[in-house]
Amino acid sequence: MTRIALVTAALIMAVLPAVGQPEVQTLYVAPDGNDAWSGRLDKPNVDGTDGPLATITAARDAVRDLKGADPGRPVTVLIRGGVYLMDEPFVLTPLDSGSADAPVTYAAYPGEKPVLSGGRAITDWQEGADGVWSATVPADEGWYFRQLFVNGKRRIRARTPNEGYFFTAGKVGDGNNTAFRYTAGDIQPWDDLSDINAVVFHSWETSLLPIQEIDDQEHIVTFTGRAHWPFERWGPRQRYIIENAPDSLDAPGEWRLDRDTSVVSYIPMPGEDMTQAEVIAPRLTSLVELRGQTEAGLPVCNVTLRGLSFHYQDWKLEPGGHSDAQAAVSVPAAVMADGAVNCTIEACEVAHVGSYGIWLRRGCKDNRVIQTRVTDLGAGGIRVGEASRAGDDAAESTGNLVDNNHIYDGGHVYAAGVGIWVAQSSGNVISHNEVHDFNYSGMSIGWNWNDAPNRTQRNTVEFNHVHHVMSEMLNDGGAIYTLGTSPGSIIRNNVFHDVWPYSNIGWGIYLDSTTNGYLVEDNVVYNTFSGGLMYHNGGHVNVIRNNVFAFSAKQMLWPAWTKDPNTFQRNIIYLTQGELFIPYAQTRLIQRRQEGDSLSDWDYNCYFNPNDAKLPFFRHSFARWQRMGIDEHSIVADPQFVDPDAYDFRLKPTSPALALGFEQIDTSQVGLYGDAEWVRETQLVKHAPTVLPSAPEATFQLDIGDDFEETAVDKGPRGATVSGEEKTASIRVTGERAADGKQSLKVVDAPGLSAEWQPHFYYRPYYFAGAVRQSFDILLEPEAKLYTEWRDGGPYPNNIGPSVTFEGDGSVTASGTLLAIFPTGKWLHVEITCALGTDAPRNYSVVLTPRGGESQEFTDIAFSGTGFWELQWLGFVSTALTDAVCYLDNIRLVELED
C-alpha cells in the first residue's frame, strides 16, 4: 500500500468509531441557534423551544458538562454552514481535552462550510470627492484595525510610494538603529505622526517602526523604537516605505483609517461597486488558542478541529514598533497552541490574517496539521517549536505531522514570514505540502547559527513542492533554509523551484550556518537566482546525493570543504548559464589542500552545460579538477533528461548518469494528495513562465591569453582586476604600440600615488600541480619600473613564488638576482616556467628574448617565499615613483603537457 493510501485509510478510521467503542455524543451549532438551547438538535424544532447552539464557545462549555458527566464517551460538535462572528478567541484549556478512546471533535456539518470570523462588516459607505469613499466605524468600542478586505480580497493600507521604494540618504551617527536620513520630499513634516509608520527593508527582514519625529531641515526621521539591524548595515540606499500618512491615500485599492475621527477612507478598484461590496475589517488579534499548561503537566489533548474556516485576524504594532532578527520570529499566529498533545487540525482553512497562520509553539507533541489551507497571511504559514531552547523534554514540541497542506500568499505585513518554520523541535514530519508565493524562504528549519547543542533533530522534510518564493522582495533566503546542528534530519523527494530574491542570494537548498547532520537526497531543484545548493557557511557531515540541480541565473553550487567532510555523490548538475561554483568557495578548497585534509567523498556526479562543452570547475578543466582527487569517476556529459525545457527531469534509458548509480527521482508523489478537487486547487494559481535573468560575466579564465586586439582602446585588460588608477596613473589598452598586431596594454605611473605598488593589475588563476608557463612581451620607457609576480594564498610575502622585475635602464632581476641588461625602448619577450605542488622543486626558470636577438635562459632561480606551492594570484605591478610608461602585449598563462 502506498504512503498516500495508508494516510488516507488512517484518516477514514479516525472519524469512524471502532467496534465496541461507546456511542458518540453529538452537539450542533448553527447560525439560527440559541445558546440557551440544548444543542442536541441540528435545527430548531417547530415550536422554537430547542435546537442547536449559536456559538462554538457555548458548545465548548456544553462539552465540558458532557465530559464531566460521562468522560468515557467521545463528543462531536457539528457546526452548520454560515458565518459566525467571534467576540473573543475560541480558547481550549485542559478542561476541554478528550482522551484516546473518547476524543473531542469540532467539525463542519457534512457538506457545509462554517466560517468563524474575527472580523466585522463596514457598511454605509459614502462617495466623496475624487472618487474616495468613506465610512464611520464605531468609535466608542475603540476599534482600530490595520487590515481591510473588500469582497474577500486584501486591500493596501495607504502607502507611499505606491510602487517601488524610497531609499535612505545616509546614516545618523555610526549605524544608528533609531533614525536615518531621507531625501528631501520623500517624507513630509506631517502634523500628526501618531498613526504613521515606516516599513524598512533589511536584507532578509523588515522593521515596522512608528515615526516619532521628523526634522525637515536636516532631513532626519526618528522612530519610537529600534530596528534590530542598524540602518544601512548592508550598504547605502536602504529601502523603505511609509504607511498611513494623511496624503498617501492616492491609488485604487488603498485605504486609510483616521484614529481621531474613526473614519475609514477607500479608493475602489476598477469595477468595484461600494454600494454592493462586502467590506470586512478584523476585530480580533487571535482566533483560536489551545492553552495547555506544560509546566504543570496539564495538556490540551485529543481534540480535533475539522472542516472549519477561521478568517479575519488583525496584527498589532507595539509602541516601539516591531523588528525581528529573522523570519518574523516573534510574530504570533491566528491559531496558537501551547501544550497541545495528540490534537488535530484537519481540512480547515486559515485565511485573511495579519500574522502567521498556525503555530504549535511550546510543549506540543504528536499533533497533526493535515489537508489545511493556510492563505492570505500577514506573515508566514505554519510554525512548529520556538526560538528559545526548551529547558526540558516536556517543554519541547516533538513528533508533530504537517502534511498535505496548501500554504501560500504570505508576507503581506511581515515580509520575512516563512511558509513552514521549525525550530528547537525534533522528530517532526513535514510532508506533501504545497508552499508558494512568500516574500522570504519557503521553509526554515533550525535556529542555531553554530554547532552548539540544540533541539532541532530527526526532522524529516519530504515530498513537498515549494516554489515562487522571495518574490523579489527580500534577500538571503531559499526554498528551504536550514541552520545549525540537526543530527538525523532528512530533506528528500522534494521539488524546489523559482527562488527570486530582490537583488542577491536566493538558493534552492540553503544549508546555512554550520548546518550538519542532514541527509539531502532525491530532490529536484531548478530555476534559482544564486544556485541550487549552498552549504559553504560551515556546513559539515552532510550527505548530499542523488539530487538534480538545474537552471540557475548566476551559479549552481556553493560547496564547502571542511575538516569534517561532507558527501556529494550521484548528483546531476545541469546549467545553461553562469558558473558551476560560486568563486568564493575555492578558498576553503585551497585551505583543505594546503593542510592535507580530506576533500570529502565527492564522486559519481554528472555535470553538463549544453552551451559550454569545456565547463570550468573553478579555474580548472575537468581533467585538472580530477587530478586533485575530486570526482574521480564523475563525468561531464548530457544526462539525457526527457524534456528539461519543460522541467521533466526523468532520465532516458540511455542516460550516462544511470551508469554512475543515479536513481530515477519519482516526483509524482510530491505535493498535495487526496480528492481531485483538493489536489487541483494548486493548479488554479498561475505564474508567468520563468525566464532566467542575465548571468554575470565569468570571474575567471582557465588559461589567460590576451593580445589586446579584441578590447576597445582605453578599456582595461579583459579578465583582470585593475587597481590604483589615481591622478594620471592608468592601465588601459592603447593603439600607440604593439609587439604584434595593432594594440597593446599601456601602464602609466605617476608620482604621489597612495602606495608605491600602484597602479597594478592581476588575474586570479588557480594551478595546483604540474608545470605552468607565463609569457608576455614588454617595452619600457626611461624611468619605468614594473615587476610580475606569482603568489599563493598564504600570508605575504612568504607566499611569493616567481618574481621578475624590469626597469627602464634595461636591467632584469629575478627574486633579487640580476639576470641581464637589454637595450631599452625595444620589445622583450619573456617566458617564466615553474612546476607547482608540494613535491615540486622550489625554483623556476626565465627565458628572455629581445626582438631580433638571441634567447637567454636562466634556471634554478629560488622562490622569494617559502610558502609558495600553488598559483592563485598573477600580477603586474608598476613601482615607478615618477611619470613613467611601459607597454605589455601577448600576456599568456598555460599549463604545460606532462
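Conventions adopted
- Residues numbered from 1 in each chain as written.
- Predicted model: local features only at pLDDT ≥ 70, side-chain atom pairs only at ≥ 80, totals over all residues.
- Heavy atoms only, no water.
- Helix = DSSP H or I, 4+ residues; strand = E, 2+ residues; numbered from the N terminus.
- Buried < 20%, exposed > 50% of the residue type's maximum accessible area, 1.4 Å probe, protein only.
- Contact = heavy atoms within 4.5 Å.
- Pairing = 2+ DSSP bridges.
- Axes fitted to C-alpha atoms, helices over the stretch in contact; angles between N-to-C directions.
- Patch = residues over 30% accessible without salt bridge, like charges linked within 9 Å, V, L, I, M, F, W, Y side chains within 5 Å.
- Areas by Shrake-Rupley, 256 points an atom, 1.4 Å probe, with all protein chains shown as cover.
- Salt bridge = Lys/Arg side-chain N within 4 Å of Asp/Glu carboxyl O.
- Lys, Arg positive; Asp, Glu negative; His and termini not counted.
- Charge placed at Lys NZ, Arg CZ, Asp CG, Glu CD.
- Core = buried A, V, L, I, M, F, W, Y, C linked by side-chain atoms within 4.5 Å.
- Expected span 1.5 Å × (residues − 1).
- Phe/Tyr/Trp six-rings, centres within 6.5 Å; stacked < 30°, edge-to-face > 60°.
- Polar contact = N/O pair within 3.5 Å; in protein donor to acceptor, adjacent residues only side chain to side chain.
- pLDDT = per-residue confidence, 0-100.

A. Broad picture of the overall build of the protein. Scanning the protein from N- to C-terminus turns up six helices and 75 strands. Expressed along its principal axes, the backbone C-alpha trace of the protein runs to roughly 120 × 70 × 50 Å. Across the 898 residues in the protein, those meeting the buried criterion constitute 59%. For the protein, long-range pairs separated by at least 24 residues make up 75% of all intrachain contacts whose partners lie at least 6 apart in sequence.

B. Main features of the sheet that holds strand S65 (residues 760-763). Spatially, the seven strands line up as an open sheet ordered S62-S65-S74-S67-S68-S69-S70, and their pairing is antiparallel. Each edge of the open sheet carries a strand with a single partner, namely strand S62 (721-723) and strand S70 (817-821). For this sheet, the mean inter-axis angle between neighbouring strands, taken without regard to orientation, is 15 degrees.

C. Focus on a negative patch on the surface. Taken together, the side chains of Asp707, Glu709, Glu710 and Asp740 define an acidic patch exposed on the protein surface. Structurally, Asp740 can be placed in the loop between strand S63 (730-734) and strand S64 (744-749).

D. Molecular detail of the pattern of salt bridges. According to the stated counting rule, one finds 36 salt bridges in the structure shown. With its nearest N and O atoms 2.5 Å apart, the salt bridge here joins Asp96 to Arg64. One end of the pair, Asp96, is in the loop between strand S4 (90-92) and strand S5 (104-108); the other, Arg64, is in helix H2 (residues 56-69), with 32 residues separating them in the sequence. On the basis of relative accessibility, which here comes to 29%, the residue Arg64 falls in the partly exposed class.

E. Local environment of the nonpolar core. One finds Tyr106, Phe549, Phe568 and Trp625 to be the most contacted residues of the largest nonpolar core, which totals 131 residues. Discounting chain neighbours no more than four positions away, the residues touching Trp625 are Trp561, Phe581, Leu589, Trp602, Phe617, Phe618, His620, Ile630 and Asp631. Core analysis: the second largest hydrophobic core is formed by 45 residues, Tyr763, Phe806, Ala880 and Ala884 among them.

F. Representation of the pairing of strand S66 (residues 770-780). For S66, the tally of buried residues reaches eight of 11 residues, placing the bulk of the element in the interior. Looking at chain direction, S66 and strand S71 (residues 828-836) are connected through nine bridges and run antiparallel. By the bridge assignment for S71, Asp777 is matched with His829.

G. Fine view of H2. A rise of 1.5 Å per residue sets the reference length of H2, with its 14 residues, at 20 Å; its end C-alpha atoms lie 20 Å apart and thus fit the reference within 8%. The elements touched by buried residues of H2 are strand S1 (25-29), strand S2 (75-79), S4, S5 and strand S6 (114-117).

H. Region of interest: the sheet that holds strand S9 (residues 133-136). As summarised here, the arrangement of the five strands in space is S8-S9-S22-S21-S12, forming an open sheet in which the pairing is mixed. The open sheet has two edge strands with one neighbour each: strand S8 (126-127) and strand S12 (156-157). Bridge count between S8 and S9: two bridges; the pairing is antiparallel. Bridged to Glu127 within S9 is Trp133.

I. Quick look at the packing of aromatic side chains. With the rule as written, the count across this model stands at 51 aromatic pairs. Where Phe149 meets Tyr312, the ring centres are 5.1 Å apart and the plane angle is 65 degrees; that geometry is what we call edge-to-face. Here the residue Phe149 occupies a position in strand S10 (residues 149-150), and Tyr312 occupies one in strand S27 (residues 309-313), the gap between them amounting to 163 residues. Neither Phe149 nor Tyr312 differs from the other in exposure class; each is buried. Judged by centre distance (6.2 Å) and plane angle (70 degrees), the rings of Trp561 and Trp625 are edge-to-face. In this pair, Trp561 is assigned in the loop between strand S52 (555-558) and strand S53 (567-569) and Trp625 in helix H4 (residues 622-627), connecting sequence segments 64 residues apart. Of the two residues, Trp561 and Trp625, neither departs from the other in class, the shared state being buried.

J. Expanded view of the environment of Thr26. Here Thr26 is to be found in strand S1. Judged by its relative accessible area of 24%, Thr26 falls in the partly exposed class. Separated by 51 residues in sequence, Thr26 and Val77 place their C-alpha atoms 5.7 Å apart. Once residues within four sequence positions are removed from consideration, Thr26 is found in contact with Gly39, Arg40, Thr76 and Leu78.

K. The arrangement of unusual backbone geometry in detail. Omega for the peptide link from Thr160 to Pro161 comes to 0 degrees, which places this bond in the cis form. Residue placement: Pro161 occurs in the loop between strand S13 (159-160) and strand S14 (166-167). Following Tyr796, the chain continues to Pro797 via a peptide bond in cis, the omega torsion being 5 degrees. Summarising the element assignment, Pro797 is placed in the loop between strand S67 (785-791) and strand S68 (800-807). Positive phi, close to 60 degrees, is recorded for His352, a residue that is not glycine.

L. Spotlight on the side chain of Asn799. By the element assignment, Asn799 lies in the loop between S67 and S68. With residues near it in sequence (within four places) discarded, Asn799 still touches Trp790, Arg791, Asp792, Gly794, Gly867 and Phe868.

M. Quick look at the side chain of Arg157. The topology assignment puts Arg157 in strand S12. Here Tyr144 takes part through its side chain, which lies 3.4 Å from a polar atom of the side chain of Arg157.

N. The arrangement of the environment of Arg259 in detail. Secondary-structure assignment places Arg259 in the loop between strand S21 (254-258) and strand S22 (263-266). Look at Arg259 and you get partly exposed, because its relative accessible area is 39%. Sequence spacing of Arg259 and Ala139 is 120 residues, and the spatial spacing of their C-alpha atoms is 8.7 Å. Dropping the residues within four chain positions of it, Arg259 is found in contact with Tyr144, Arg146 and Asp195. A polar contact of 2.9 Å, which involves the side chain of Arg259, links it to the side chain of Asp195.

O. Just the pairing of S5, in detail. Where burial is concerned, most of S5 is hidden: five out of the five residues are buried. Judged by which residues are buried, S5 turns out to be covered on both faces: Val104, Tyr106 and Ala108 on one side and Thr105 and Ala107 on the other are all buried. Alignment of S2 against S5, held across five bridges, turns out to be parallel. Opposite Thr76, over in S5, you have Thr105 as the bridge partner. Across four bridges, the pairing between S5 and strand S26 (residues 303-306) is parallel. By the bridge assignment, Tyr106 is partnered in S26 with Leu305.

P. Quick look at the confidence of the model for the protein. Residues at a pLDDT of 70 or more form 97% of the protein, whose mean pLDDT is 94. Confidence drops under pLDDT 50 across residues 1-18; counting only partners more than four residues distant or on other chains, this segment forms 15 contacts.

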